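An overview of the molecular structure
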Amino acid sequence: MKRLLHWLLLISFVVTLSVPLTGLIVHKLASAVFLLLCLVHAAVYRRRLGPRRWALLGGVVLAFGSGVLSLVLEELPLVLALHKVISITCVFFLAIHIFVFALRCGRKEDAAV
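None of the values given here were measured: they were computed from a predicted structure.

Taken together, the side chains of Phe92, Phe93, Ile96, Phe99, Val100 and Leu103 make up a nonpolar region of the molecular surface, amounting to roughly 580 Å² of accessible area. By the secondary structure assignment, Phe99 is in helix 5 (residues 77-112). Here Phe99 falls in the exposed class, since its relative accessible area comes to 53%.

Quick look at the structure:
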């Protein structure tokens, strides 16, 4: 079940990032699914959540909230610029999180052999 959750998170993450290919409507749907899956992921691993992981989850929620605000307040380009900065920062830290998770899983498979 956790493996399925991880794959769904990865797929929704990639679809969310591919805005130029998929369009804005698919980006909105994928980001909503990604946010829900992030909350489920945090609930599943709640005992292992340290301050950095809580900050990462807060960044994802903040990026989602700024995206919603940029849709509502279209006439203010500053809100969209803020959303882009927050989103790029979240992508950077999520990539580090995924890389560390992949390294940890790789070490567990090596130890099992």
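Judged by nonpolar contacts, the single largest core of 13 residues is most densely connected at Leu9, Phe34, Cys38, Val60 and Leu94. If you list the elements that add at least two residues to this core, you get helix 1 (2-17), helix 3 (24-44) and helix 4 (51-72). Among the elements that line this core, the one with the most residues is helix 3, at 5 residues.

Assignment of secondary structure puts Ala81 in helix 5. Between the C-alpha atoms of Ala81 and Ser70, which are 11 residues apart in sequence, the distance is 8.7 Å.

Describing an aromatic ring pair means giving the distance of the ring centres and the angle of the ring planes. Scanning the model with the defined rule gives 2 aromatic pairs in all. A centroid spacing of 5.7 Å and a plane angle of 35 degrees characterise the contact between Phe13 and Phe34, whose relative ring orientation is tilted. Taken as a pair, Phe13 in helix 1 and Phe34 in helix 3 lie far apart in primary sequence, 21 residues in all. Take Phe13: its relative accessible area is 11%, and that puts it in the buried class. Owing to a relative accessible area of 9%, Phe34 belongs among the buried residues under this scheme. For the ring pair Phe92 and Phe93, a centre distance of 5.2 Å and an interplane angle of 70 degrees mean the geometry is edge-to-face.

What counts and how
Residues numbered from 1 in each chain as written. Predicted model: local features only at pLDDT ≥ 70, side-chain atom pairs only at ≥ 80, totals over all residues. Heavy atoms only, no water. Patch = residues over 30% accessible without salt bridge, like charges linked within 9 Å, V, L, I, M, F, W, Y side chains within 5 Å. Areas by Shrake-Rupley, 256 points an atom, 1.4 Å probe, with all protein chains shown as cover. Salt bridge = Lys/Arg side-chain N within 4 Å of Asp/Glu carboxyl O. Helix = DSSP H or I, 4+ residues; strand = E, 2+ residues; numbered from the N terminus. Buried < 20%, exposed > 50% of the residue type's maximum accessible area, 1.4 Å probe, protein only. Core = buried A, V, L, I, M, F, W, Y, C linked by side-chain atoms within 4.5 Å. Phe/Tyr/Trp six-rings, centres within 6.5 Å; stacked < 30°, edge-to-face > 60°.

Nothing here speaks to function; it is all geometry.
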